[in-house]
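Descriptive structure summary
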Amino acid sequence: ALPDSTLVLERVEGYDGRDVKNNLHYLNGDDKTVVYTVGRTLITYNTDTSEQRFWTHSSPAGSMTCLAPHRSRPVIAVGLD
């Protein structure tokens, strides 16, 4: 039997600005938090602390192709291909 193991996402390195459009924004007018997508992962990055937070989707739809953060609320809409 295989041993029990769990993978934990700790960091995402990279950015896809060629195939995905409009996917890099400051969050809610905050000049310290950047939100962007890479593949099936939405990342927020704090430029002061270098901390990243992740949200992934596992639907068969494919990659995230665009995102639109709300101007005043902590809500982000994403498009899937």
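This text goes with the structure placed above it.
In short, a report on the structure. (Residues numbered from 1 in each chain as written. Predicted model: local features only at pLDDT ≥ 70, side-chain atom pairs only at ≥ 80, totals over all residues. Heavy atoms only, no water.)

**A look at the pairing of strand β4 (residues 52-56)**
- One ladder, built from five bridges, connects strand β3 (residues 41-46) with β4; its direction is antiparallel. The residue bridging Ile43 from the neighbouring strand is Phe54, located in β4.
- Between β3 and the antiparallel strand that follows it, β4, lie five residues; Ser50 among them carries a positive phi value of about 65 degrees. (Pairing = 2+ DSSP bridges. Helix = DSSP H or I, 4+ residues; strand = E, 2+ residues; numbered from the N terminus.)

**Focus: the pairing of strand β6 (residues 76-80)**
- As paired strands, strand β5 (residues 64-69) and β6 are joined by five bridges and run antiparallel to one another. The residue of β6 that forms the bridge with Cys66 is Gly79.
- Counting the residues in the hairpin turn of β5 and β6 gives six residues.

**Details of the layout of surface pockets**
- Considered as a void within the structure, the largest pocket measures approximately 220 Å³ in volume.
- Around the largest pocket sit Leu27, Thr33, Leu42, Thr44, Tyr45, Asn46, Glu51, Arg53, Trp55, Pro74, Val75 and Ile76, which together line it.
- Those elements giving two or more residues to the lining of the largest pocket turn out to be β3 and β4.
- Of all the elements, β3 adds the most residues to the lining of the largest pocket, at four residues. (1 Å grid on protein atoms, 1.4 Å probe; cavity = no way out; pocket = protein on both sides within 12 Å on 5 of 7 lines; lining within 4 Å. Points joined across faces, edges and corners; volume = space filled by probe spheres on them.)

**Considerations on the side chain of Asn23**
- Counting through the fold element by element, Asn23 comes out in the segment before β1 (24-26).
- With relative accessibility at 2%, the residue Asn23 sits in the buried group.
- Engagement of the side chain of Asn23 in a polar contact is seen with the side chain of Tyr15, the distance being 2.8 Å.
- In terms of polar contacts, Asn23 uses its side chain to reach the side chain of Thr37, at 2.9 Å.
- Once residues lying within four places of it in the same chain are set aside, the contact partners of Asn23 are Tyr15, Asp16, Val35, Tyr36, Thr37 and Leu67. (Buried < 20%, exposed > 50% of the residue type's maximum accessible area, 1.4 Å probe, protein only. Polar contact = N/O pair within 3.5 Å; in protein donor to acceptor, adjacent residues only side chain to side chain. Contact = heavy atoms within 4.5 Å.)

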